[in-house]
Amino acid sequence: MKLIVAIIQDKDSNRLSSALVKANFRATKLASTGGFLRAGNSTFMIGVDDSQVEAVLNVIRSSCKVREQLVTPMTPMSGTTDSYLPLPVEVQVGGATVFVLPVDRFEHF
C-alpha cells in the first residue's frame with residue numbers, strides 16, 4: 001500500500017478532484033499555501049494499492065498543467081529601496097509535486 005501526497009495549484013484542484021472521482025480513487029483534500037509564491041495550493045492525500053500508483057500518477061499528470069505567470073519580486077529587506085524598481089518576472093507555476101510513500105499499516109473505521 002502507498003500514500004500519494006500531491007501538492008497542486010488551486011487552479012487545478014477541481015479538475016483533479018473530478019478526475020480522481022471519475023477514476024474511482026478516494027482522496028482527502030487539504031488547503032495549503034506555497035512558500036515561493038505564497039499562493040493557495042491544495043494537497044491531496046490518496047491511499048492506493050501498489051498496483052494502482054501509476055494509474056493515479058497518470059490522472060494527476062493529465063489534470064495538473066504547468067503554466068507561465070508574471071510575479072513581482074518582493075522588496076529587498078536590507079539597504080535602500082529608493083532605486084529599487086521591481087519588474088515582473090515570468091515563472092513556471094502549476095503542475096504537481098508528488099510524493100509516493102510506503103504505508104506500514106492502514107485502518108478504516
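Everything discussed here concerns the structure shown above.
Everything in this summary refers to the structure shown in the same document. Numbering of residues starts from 1 in each chain and follows the order in which that chain's sequence is written. Only residues with pLDDT of at least 70 are given local features in this predicted model, and only at 80 or more are side-chain atom pairs given and counted; all residues enter the totals for whole chains, interfaces and linings. Only hydrogens and water are set aside when side-chain values are computed; all heavy atoms of the structure are taken into account.

1. Side note on helix α2 (residues 53-63)
It helps to recall that an α-helix has 3.6 residues per turn; residues three or four apart then point in one direction.
No. 1: A 1.4 Å probe rolled over the protein chains alone gives each residue an accessible area, and that area as a share of the maximum for its type sets the label: buried under 20%, exposed over 50%, partly exposed in between. Secondary structure elements follow DSSP: runs of H or I of four or more residues count as helices, runs of E of two or more count as strands, with numbering from the N terminus. Every buried residue belonging to α2 is among V53, V56, L57, V59, I60 and S63, and all of these are buried. Looking straight down α2, one finds its buried side chains confined to an arc of 160°; they lie on one side.
No. 2: Elements that come into contact with the buried residues of α2 comprise β1 (2-9), α1 (10-22), β3 (40-48) and β6 (96-102). The directions from the helix axis to the C-beta atoms are what the arc is built from. The contact criterion used is simple: two residues touch if any of their non-hydrogen atoms lie within 4.5 Å.

2. Some words on the sheet that holds β1
The strands making up a sheet associate through backbone hydrogen bonding, with each pair oriented either parallel or antiparallel.
No. 1: Two strands qualify as a pair provided DSSP detects at least 2 bridges between them. With antiparallel pairing, four strands are arranged side by side in an open sheet as β2-β3-β1-β6. A strand with exactly one partner marks an edge of an open sheet, and here the two such strands are β2 (28-33) and β6. Direction aside, neighbouring strands of the sheet carry axes that sit 20° apart on average.
No. 2: Here β1 pairs with β6 via seven bridges, running antiparallel. An axis is simply a line fitted to the C-alpha atoms; with a helix, the fit covers only the stretch in contact. Between two such axes, the angle follows the N-to-C directions and lies from 0 to 180 degrees.

3. Topic: the environment of I4
No. 1: Mapped onto the elements, I4 comes out in strand β1.
No. 2: With sequence-adjacent residues up to four places away left out, I4 is seen in contact with F44, M45, I46, V48, V53, V56, I60, V98, F99 and V100.

4. A short note on the pairing of β1
No. 1: By the bridge criterion, eight bridges tie β1 to β3 in an arrangement that is antiparallel. Along β3, the bridge assignment pairs I7 with T43.

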